[in-house]
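# Descriptive analysis of the structure
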Amino acid sequence: MVNDDARRVLVEVAQLAADHIERRRDDLVAAPYDRVALRVEVEAFDFASPRDPAEVAATLFDLLRRTGIRTDHPRYFGLFNPPALTSAIAGDMVAATVNPQLAVWGHAPAAVEIERHLVSLFANRVWGDGAGAGTFTSGGSEANNTALLAALARRYPEWATRGVAALDRRPAIYVSAQAHLAWIKIARAAGLGSGAVKLVETQDGLSLDGQTLEKAILGNPASDPVLVVATAGTTAHGAVDDLSGIADVGRKHRAHVHVDAAWAGGVLLDPAHRHLLDGIDQADSVTIDPHKWLAVPMGAGLYLARDWTALKTAFAVTTKFMPPAVADTLDPYTHSLQWSRRFTGAKLFLALAALGLDGYAKMIEQQFALGDRLRQSLANDGWRIVNDTRLPLVCFAPDDAAHVVTIEREIAGAGEAWISSVTLRGAPCLRACITGFETTEDDVDTLVAMLARARNRCAG
Ligand SMILES: *Cc1c(COP(=O)(O)O)cnc(C)c1O
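What comes next concerns the included structure. (Residues numbered from 1 in each chain as written. Predicted model: local features only at pLDDT ≥ 70, side-chain atom pairs only at ≥ 80, totals over all residues. Heavy atoms only, no water.)

Okay, the packing of aromatic side chains next. Here the distance between the centres and the angle between the planes together describe a pair of aromatic rings. Taken as a whole and assessed by the stated rule, the structure comprises six aromatic pairs. For the ring pair tyrosine 333 and tryptophan 339, a centre distance of 4.7 Å and an interplane angle of 40 degrees mean the geometry is tilted. The exposure class assigned to tyrosine 333 is buried, which follows from its relative accessible area of 5%. Judged by centre distance (5.3 Å) and plane angle (90 degrees), the ring pair of tryptophan 383 and phenylalanine 396 falls under edge-to-face. Residue tryptophan 383 is located in the loop between helix H12 (345–380) and strand S8 (384–385), and its partner phenylalanine 396 is located in strand S9 (residues 393–397); the two are separated by 13 residues in the primary sequence. Overall, the relative accessible area of 0% leaves phenylalanine 396 in the buried class. In this structure, arginine 155 is placed above the aromatic ring of tyrosine 156, and the distance from its NZ or CZ to the ring centre is 5.8 Å. Arginine 455 extends its terminal NZ or CZ atom over the ring of tryptophan 383, reaching a point 4.4 Å from the ring centre. (Phe/Tyr/Trp six-rings, centres within 6.5 Å; stacked < 30°, edge-to-face > 60°. Buried < 20%, exposed > 50% of the residue type's maximum accessible area, 1.4 Å probe, protein only. Helix = DSSP H or I, 4+ residues; strand = E, 2+ residues; numbered from the N terminus. Lys NZ or Arg CZ within 6 Å of the ring centre and 35° of its normal.)

Here it is in structure tokens:
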């Protein structure tokens, strides 16, 4: 039997995983490596003869540890790529092991019911009225893509059969110029072209308000505002758009109103900071990525909607080869982009069950506190704080903006921490974000000290 040593292999790989978790703090966040040597090492796997999977897994852990940016490191202060919670890794392992097919309820009733339960939980945190529809996605991009298709289906019921020919005017998607550029790819995939995405310049260079959006819509009378998007937690600066202002304007123009809260949506689980998302309940739909702030392994997004109608118009198909629907249940393949479907909810289910809602709230609050500490320490150290957000994401600049790139390179080169740089109102700045639950006050203080040294070297 191919699988006859399942127990030994899985136990050995679990040991390797535990070793990795226990030791990662001692690794460099970004170790130098040789690109050519890496390719040679990878291509040495010619698959000519069978090898022991546990032994190859050890090599794989080693390869991943030695190369690239270690997003699972406590001093990775980069984009929203946290290490995964152990409970969530375990949930992913259950999903991979049983490998249920979630296309239809009847094949995987427990898995589909668990995902429905989780969708309801999050939808309730948004709308709080027992309403709630939605689906797990591969990530924020698929969730946002779903929002556009739902918007088209709602606005033009004929679009489902006739496609863009059913549209009487050129459709437009309004997002802030600070929004995630996944919208460009999404517009192309829908056949609308990137020109359909109207990137609205914000007043303060950070967040979009209703008035500015209204002006942009009125300035484009030839196109039909099918979808307006508010971003809650922009990728670069952590800004939160005016959620209710945008919703008001969107509704007035009969647009579908979507909130992209891919990262900051995690705050829905933290009662102490939930007010930062006030107005989110005015949206027709919401994107949240559990693989960001909720720290489950990658490949987990959520599209939440007030109701099922648009999803069903956009995605329903019936085929002879699929099993018939079971009464009172919904088959995921009829209201989502995916067909064969992995049990993505398993990792979030285990993480929620293991931490509890309070545990999740504490984890998020701790990251807010670390963000405050970082912001305060940098300000005390004479850096200019240039973004304005309560989220744990700090954009800051030295007196001489020309030093930004040098400082960024120096931090990355030393390999002890990782931060990035972005531009804000046309000027470059450094960006440090608390992303992981293993990050401590010491890690924050270490980063601040490294930054001070790098800045001094620039000045001297
Ligand atoms: C990360 C992110 C996305 C894209 O999500 P993926 O999971 O990377 O596909 C979209 N919008 C925002 C605001 C994000 O932070």
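Once the structure has been displayed, the description carries forward.
In this section: the layout of surface pockets. Taken as a whole, the largest pocket holds about 1100 Å³ of empty space. Looking at the largest pocket, it is lined by 32 residues, and the ones nearest its centre are Ala17, His20, Phe61, Ala84 and Ile89. Of all the secondary structure elements, the ones that give two or more residues to the lining of the largest pocket are helix H1 (6–23), helix H3 (53–66) and helix H4 (86–98). For the lining of the largest pocket, the leading source of residues is H1, giving seven residues. Its residues assigned to classes, the lining of the largest pocket comprises 21 nonpolar, six polar and five charged. Put simply, the second largest pocket is a space of about 330 Å³. If you trace the second largest pocket, you find 21 residues lining it, with His180, Ala262, Asp289, His291 and Lys292 closest to the centre. The residue makeup of the lining of the second largest pocket, split by class, is seven nonpolar, 10 polar and four charged. (1 Å grid on protein atoms, 1.4 Å probe; cavity = no way out; pocket = protein on both sides within 12 Å on 5 of 7 lines; lining within 4 Å. Points joined across faces, edges and corners; volume = space filled by probe spheres on them. Nonpolar A, V, L, I, M, F, W, Y, C, P; charged D, E, K, R; others polar.)

Okay, the sheet that holds strand S6 (residues 285–288) next. Read from one edge of the open sheet, seven strands run S1-S7-S6-S5-S4-S2-S3, paired in mixed fashion. Two strands bound the open sheet, and with one partner strand each, they are strand S1 (133–137) and strand S3 (197–200). Adjacent strand axes in the sheet meet at a mean angle of 20 degrees when their direction is disregarded. Relative to strand S4 (residues 223–231), helix H10 (residues 243–252) is tilted by about 165 degrees, and along the sheet it contacts S4 and strand S5 (256–260). (Pairing = 2+ DSSP bridges. Axes fitted to C-alpha atoms, helices over the stretch in contact; angles between N-to-C directions. Contact = heavy atoms within 4.5 Å.)

Below, the discussion takes up the side chain of threonine 202. Secondary-structure assignment places threonine 202 in the loop between S3 and helix H9 (210–218). A polar side-chain atom of threonine 202 sits 3.1 Å from the main-chain amide nitrogen of glycine 205. (Polar contact = N/O pair within 3.5 Å; in protein donor to acceptor, adjacent residues only side chain to side chain.)

On to the pattern of salt bridges. Here the structure, examined in full by the defined rule, presents 32 salt bridges. With a shortest N-O distance of 2.8 Å, lysine 252 and glutamate 214 are connected by a salt bridge. With a gap of 38 residues between them, lysine 252 in helix H10 and glutamate 214 in helix H9 connect regions that are remote in the sequence. Through salt bridges with shared partners, a single ionic network connects Arg24, Asp27, Arg65, Arg70, Asp72 and Glu438. (Salt bridge = Lys/Arg side-chain N within 4 Å of Asp/Glu carboxyl O.)

So, on to the side chain of threonine 135. Considering the arrangement of structural elements, one finds threonine 135 in strand S1. Within the structure, the side chain of threonine 135 is placed 3.2 Å from the side chain of arginine 341, a separation counted as a polar contact.

It is worth spelling out the nonpolar core at this point. It is characteristic of soluble globular proteins that their nonpolar side chains tend to be buried jointly. Ranked by internal contacts, the top residues of the largest apolar core, which has 71 residues, are Phe122, Val259, Val286, Leu304, Leu348 and Tyr360. At nine residues, the largest contribution of residues to this core is made by helix H5 (residues 109–127). Excluding residues that lie within four positions of it along the chain, valine 259 makes contacts with Ala230, Ala232, Leu243, Ile280, Ala283, Ser285, Val286 and Thr287. With 34 residues, the next largest nonpolar core counts Ala143, Trp183, Ala190 and Ala305 among its residues. (Core = buried A, V, L, I, M, F, W, Y, C linked by side-chain atoms within 4.5 Å.)

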